[in-house]
Structure formats: structure tokens, C-alpha cells
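Each chain, letter by letter, is given below.
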Amino acid sequence: MGKNTFKITEQEPMEETTTKPSWWQRYKAFREKHTFAQYLQRLFLKALLYFLGISVGLVIIFKFVPVWFTPTMLDRKLEALADGRDTEIYSDWEPYENISKEVALAVVASEDQLFPEHHGFDFDAMWGAFRHNFKGKKIKGASTISQQVAKNVFLWQGRSYVRKALEAYFTLLIELIWGKERILEVYLNVAEMGKMTFGVEAASLKYYGHSAKYLTRTEAAR
């Protein structure tokens, strides 16, 4: 009876199921991520430059061209459409010289008494509104005429930090490029002065039956 011989062979080590990437693979991955980050950075800078160019361009255009329609008007029109109400907008642009100076005086007196002096922001009023709102009371605003114009002409309604930041940006632009008289002229033509009614000319025709050029002090105050 022969002897059984067993041949012992050295087994090769089993390959690990998960192998660590080599230094070259790690380097390539890093380069790919770095390139993508650079791409995002370039994309952001390009979008920022486009935004700055378009926004400054619009502000320059509206320094000379009447503002016939605003995002606020669109918002009111959509609200009326959703509620099944009449969607007609009442608005009639009039140059500053065709509007009674009593209206300008009444607006500044009631909305923003420091309008001729500040550069777009009333920081004392803003601080007072912040303290008022911090106490949990009914939200109180402190927007100047310039801020209201910036919001109504270039932005949407609502409360958010993004919109407030953009509002501050456009306020600085119109203060710098338009000047006080143009800001007040635009305000008098786009401010909401009744249901679906924007601007003093449309409001004067609707409520008093005559042009804003002939508004008396009493009518303007009302």
C-alpha cells in the first residue's frame, strides 16, 4: 500500500475587495475637483459681471425713459387674476413739471421728511424700526422714498434678506445716477395709491376728476 503524498502549495494572497487609490489617482481626482471649483468661480464672476452691467444699464435707461410698468403692478395684476377681479391697471405717467408741487410736498412730509438730506437711507428710523420689531410688536418698516422706488421698480414684493440686500444696492445706484428730483418723479408715477391705481395722475383723475397738475394742498394731503 503506497504512501499518500500531499503536495502543499503556497496559496497566493487574496486580493482585497477595496484597493486604495494610488497617489496618481488621488492627484487626478484633486485636479478634477480643483478644475471644477475654478469653473464655478469663473461662472459666478461672469454672472456677477452680467448682473452689474444689466442693473447699471437699466438704472441709466430709466433715468431718461418713463417707467410704464413695474413688478409691483404685475404682482397686483396676478393677484386680481387669481381672485377673479378686474385686472386693469390704472396708471398714467406725467413728467415732474406736470404734477402739482403740493403733491411732492405732501409725499415728503408723510413718507420721508429727511428725503432731501439723506443718501437713500434713514439710519435712525431703521434702528428705531429694528428695536420695535425686536420686541415682537407689529412689524414696522423704515423705508425711505428712495428705497421704495428701488423696490417697486426693480424688485419683487415680500420680505427676505436677499431682497433687502438688492434693495440697498439699487437704492445706492439710483441715488448716485438719478438724483433726488428723478427719484421723486418716479415715485409720484409708480407708487400704489389705491386699488389697481398707480401714480398721482391716475389717482387724481380717479378721485378728483382732474389732472394732478391742478391738485390743491388739501387734495394732495388726502
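Heads up: the structure comes first, above all this text.
Presented here is a report on the structure given in the accompanying data block. (Residues numbered from 1 in each chain as written. Predicted model: local features only at pLDDT ≥ 70, side-chain atom pairs only at ≥ 80, totals over all residues. Heavy atoms only, no water.)

So, the layout of surface pockets
Inclusion rule: A cavity here means a set of points on a 1 Å grid, drawn over the protein atoms and nothing else, where a 1.4 Å probe fits but cannot get out; a pocket is an open set with protein on both sides within 12 Å along at least five of seven lines, and a residue lines either one if it has an atom within 4 Å of a point. Grid points are joined across faces, edges and corners, and a volume is the space filled by probe spheres set on the points. Think of it this way: any DSSP run of H or I at least four residues long counts as a helix, any run of E at least two long counts as a strand, and we number them from the N terminus. All amino acids are sorted into three groups, where Ala, Val, Leu, Ile, Met, Phe, Trp, Tyr, Cys and Pro are nonpolar, Asp, Glu, Lys and Arg are charged, and the leftover types, Gly among them, are polar.
Roughly 350 Å³ of volume is contained in the second largest pocket. Together, 19 residues line the second largest pocket, and Met 193, Val 200, Glu 219, Ala 220 and Arg 222 are the ones closest to its centre. Of all the elements in the fold, those that place two or more residues in the lining of the second largest pocket are α3 (101-111), α8 (200-207) and α9 (217-221). The element that contributes the greatest number of residues to the lining of the second largest pocket is α3, accounting for five residues. Class assignment for the residues of the lining of the second largest pocket results in 13 nonpolar, two polar and four charged.

Examining the nonpolar core
Here is the rule we go by: Throughout, nonpolar core names a set of buried Ala, Val, Leu, Ile, Met, Phe, Trp, Tyr and Cys residues whose side chains join them through atoms within 4.5 Å. Note on exposure labels: buried denotes an accessible area under 20% of the residue type's maximum, exposed denotes more than 50%, and partly exposed covers the range between, all computed with a 1.4 Å probe on protein chains only.
Judged by nonpolar contacts, the single largest core of 33 residues is most densely connected at Ile 145, Val 149, Phe 154, Trp 178, Leu 184 and Leu 188. Residue contributions to this core peak at six residues, all from helix α7 (residues 180-190). Counting five residues, the second largest nonpolar core, distinct from the first, contains Met 73, Ala 80, Ile 89 and Met 196.

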